[in-house]
Amino acid sequence: MKDALSGSDDHVRLLDLCGLLLCTACAILIHGYHPFVEDAEIYVPGIKQTLQPWLYPYNSAFFTSHARLTLFPNLIAASVRITHLPVEWVLLGWHFASIFMLLLGCWHIGRLCFPTREARWGGVALVASLLTIPVAGTALYILDQYVNTRSLSAPAVLFIVVNILERKLVRATLWGLATALIHPLMVVFGVSYAVVLWFVQKRGTDHRYVTAAALFPLSLFPAVTPAYRHVLDSRSYFFLLRWEWYEWVGIFAPLMLLWWFSRLARRRALRVMESVCKSLIWFGILFFFVAVVITIPPQLANLAELQPMRSLLLIYISLFVIGGGWLQQSFLKKSWWRWVLLFAPLAGGMWFAQRQLFPATPHIEWPGHASTNEWVQAFDWIRQNTPNDAYFALDPGHMEMAGEDQHGFRAIAERSMLADRIKDSGAVTMFPALAEAWESQQVAQRGWDNFQMSDFERLRREYGVNWVIVSHAAVLDECPYRSQHLAVCRID
């Protein structure tokens with residue numbers, strides 16, 4: 001931790017730490033907090049099953065496949081056991097800590113690139129304001145509205161970069177190992193960039209070394225089946241040639257800005273910034289090349305799960321750190337009203353965008369507070385009133401339904417369910433062995449909106465499903481929970 005809190009020629013003062021804590025709190029207020037949405041449906045069940053192994057007796061492979069490759073659920077579960085706090089509070093604590101560490105890493109990169117503290121804060125403030133900005137067409141944010149493996153791996157990658165810049169290879173290696181234990185895929189990008197940066201600093205832009213670093217990920221070859229190919233095709237962001245024009249702009253515009261920043265850095269003799277910008281350009285171009293190679297020949301579709309364009313995450317973070325520093329030096333300076341003029345509308349716009357993403361849910365879902373979301377209320381009732389071995393079926397596209405706001409059933413209800421079409425298909429893209437089971441369960445749930453009693457009985461016979469969540473309860477009699485639009489019913 002010492003290298004995270006101090007640099008080779010400068011230290012984080014107490015006032016700096018207080019400023020970072022304040023920026024972290026403001027970031028949560030701007031971007032919101034939703035502990036059980038989107039990919040939390042994959043990660044949170046792994047945590048809860050680690051704490052209570054009797055949960056999820058059926059169909060758990062759709063989240064345990066991820067859990068087995070990372071220490072993330074064990075880390076969060078250990079935090080629960082040590083602190084004796086509820087899972088919800090521990091998740092919030094780790095979310096806060098992950099944002100703080102990300103901003104701390106940004107502060108250190110700014111320290112190495114800029115000579116003034118004000119410039120460093122320009123980069124930190126810009127990153128904090130843009131945490132949930134989409135990263136081109138990768139389906140990623142800089143940091144999500146909930147804690148997950150990327151929340152911890154992104155700061156760790158920044159500290160790899162910081163230690164490479166400071167020539168502290170042992171510490172960089174330790175951060176790399178920590179990243180690998182949390183996110184085995186994202187560490188590939190972190191290590192690849194570290195190698196590119198090292199050779200740019202040592203050998204200029206020697207193409208042989210830089211290319212070798214970028215091609216490092218081409219070592220994994222998952223099997224391809226028709227079912228797996230069907231799932232891959234549902235993820236357009238896996239295939240570069242299916243990106244929209246504005247997503248292509250999101251690839252090259254940052255590289256052009258970095259080229260401009262590198263020229264400015266050379267004029268002002270900011271050698272570290274120049275090296276960072278040049279290495280990011282090479283890093284981006286070479287992973288773009290890898291993405292094109294994977295996209296064009298159909299026989300290389302088995303490499304799509306590597307998602308080489310996720311390399312843009314590191315490029316975007318670094319770009320905002322450097323761009324924020326230049327904004328401070330050229331426009332913001334030490335004028336408080338200029339800072340307000342820039343960041344107030346920027347933060348307000350990001351807050352507004354988040355409210356549009358989760359319109360039926362409070363902006364911050366505080367632990368222990370009863371939710372006003374109808375779906376979350378139903379999931380909470382299920383957790384409190386159904387047996388642990390209950391096996392549920394619900395609309396396989398429920399996470400995209402109006403009012404559901406991407407909340408995960410398993411994460412909140414703590415019950416098993418048949419595979420859904422949204423998040424479980426994401427697990428299939430990473431673990432092709434799940435493809436056949438996923439497709440079979442999708443076929444079994446086809447036409448959900450028109451299901452009759454015979455269809456629910458078929459699910460019980462074929463899969464053992466004994467509970468359902470429906471929006472049309474007329475065909476079912478035993479429905480101990482009803483709300484305005486939903487009913488939780490038992491199949492006997």
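So, here's what we can say about the structure. (Residues numbered from 1 in each chain as written. Predicted model: local features only at pLDDT ≥ 70, side-chain atom pairs only at ≥ 80, totals over all residues. Heavy atoms only, no water.)

## Describing the overall build of the chain
Scanning the chain from terminus to terminus reveals 21 helices and 5 strands. Expressed as a percentage of the 492 residues in the chain, the buried residues total 60%. By sequence separation, contacts in the chain at least 24 residues apart represent 72% of the contacts at least 6 residues apart. (Helix = DSSP H or I, 4+ residues; strand = E, 2+ residues; numbered from the N terminus. Buried < 20%, exposed > 50% of the residue type's maximum accessible area, 1.4 Å probe, protein only. Contact = heavy atoms within 4.5 Å.)

## A short note on the state of the cysteines
Inspection of the entire model under this criterion finds 1 disulfide. Through a disulfide, C479 is tied to C489; the S-S separation comes to 2.0 Å. Classification of the bridge connecting C479 and C489 rests on its S-S torsion, roughly 100°, and on that basis the disulfide is right-handed. Here C479, found in the loop between β3 (467-470) and β4 (481-482), pairs with C489, found in strand β5 (residues 487-490); they are 10 residues apart in sequence, far enough to count as distant. The closest cysteine sulfur to the non-disulfide-bonded C113 is located on C277, 6.9 Å from its own sulfur. (Disulfide = S-S within 2.5 Å.)

## Some words on the packing of aromatic side chains
According to the stated counting rule, one finds 24 aromatic pairs in the structure shown. Between Y193 and F283 the ring centres are 5.3 Å apart and the planes differ by 70°, which places this aromatic pair in the edge-to-face class. Pair noted here: Y193 is in helix α10 (residues 186-203) and F283 is in helix α14 (residues 271-295), with a separation of 90 residues, a long-range link. Residue classification places F283 among the buried positions, given a relative accessible area of 1%. The interplanar angle of 85° and the centroid separation of 5.7 Å between the aromatic rings of W245 and Y246 together place this pair among those described as edge-to-face. Here the aromatic cluster, defined as three or more aromatic residues joined through ring pairs, consists of W375, F379, F392, F409 and W467. The ring of W107 has R120 sitting right over it, with the charged end atom 5.3 Å from the ring centre. Across the ring face of F331, the terminal group of R338 is positioned such that the distance to the ring centre comes to 5.4 Å. (Phe/Tyr/Trp six-rings, centres within 6.5 Å; stacked < 30°, edge-to-face > 60°. Lys NZ or Arg CZ within 6 Å of the ring centre and 35° of its normal.)

## Observations concerning the packing of helix α7 (residues 117-129) against helix α15 (residues 312-332)
Where α7 contacts α15, the axes come no closer than 7 Å and their chain directions differ by 130°. The pairing of α7 with α15 is recorded here as oblique in orientation. At the point where α7 passes α15, the crossing takes the right-handed sense. Of the residues in α15, those touching α7 at E118, A119, G122, G123, L126 and V127 are I317, F320, V321, G323, G324, G325, Q328 and Q329. Among the residues making up the contact of α7 with α15, the classes are represented as 6 nonpolar, 7 polar and 1 charged. (Axes fitted to C-alpha atoms, helices over the stretch in contact; angles between N-to-C directions. Parallel < 35°, antiparallel > 145°, perpendicular 65-115°, else oblique. Left-handed = near helix turned anticlockwise from the far one by under 90°. Nonpolar A, V, L, I, M, F, W, Y, C, P; charged D, E, K, R; others polar.)

## Points about the packing of helix α2 (residues 14-31) against α7
Closest axis-to-axis distance for the α2/α7 pair is 9 Å, and the angle between their directions is 25°. Classified by the interaxial angle, the pair formed by α2 and α7 is roughly parallel. The two elements α2 and α7 meet at a crossing, and its hand is right-handed. In contact with D16, G19, L20, C23, A27 and H31 of α2, α7 contributes R117, W121, V124, A128 and S129. Looking at the contact of α2 with α7 residue by residue, the classes come out as 6 nonpolar, 3 polar and 2 charged.

## Re the pairing of β5
Examined bridge by bridge, β3 and β5 share 4 bridges and lie antiparallel to one another. Looking at the pairing, I469 lines up with V488 of β5. As paired strands, β4 and β5 are joined by 2 bridges and run antiparallel to one another. Among the inter-strand pairings, Y481 is bridged to a residue of β5, identified as V488. Turn length for the β4-β5 hairpin, with the two strands adjacent in sequence and antiparallel, is 4 residues. (Pairing = 2+ DSSP bridges.)

## Let's talk about the environment of W243
Tracing the chain through its elements places W243 in the loop between α12 (226-233) and α13 (245-267). W243 sits in the buried class, given a relative accessible area of 6%. Considered as a pair, W243 and G137 are 106 residues apart in the sequence and their alpha carbons are 6.5 Å apart.

## A word on the pattern of salt bridges
Summed over all chains, the structure comprises 15 salt bridges. R117 is the salt-bridge partner of D16, the closest N and O atoms lying 2.4 Å from each other. You can see D16 sitting in helix α2 and its partner R117 sitting in helix α7, a full 101 residues away along the chain. One salt bridge connects R266 with E274, and the closest N-O pair in it is separated by 2.8 Å. By relative accessible area, E274 is classed as buried at 12%. (Salt bridge = Lys/Arg side-chain N within 4 Å of Asp/Glu carboxyl O.)

## Things to note about the sheet that holds β5
With respect to topology, 5 strands assemble into an open sheet ordered β2-β1-β3-β5-β4, the strand pairing being mixed. The sheet is open, and its two edges are formed by β2 (416-417) and β4, each paired on a single side.

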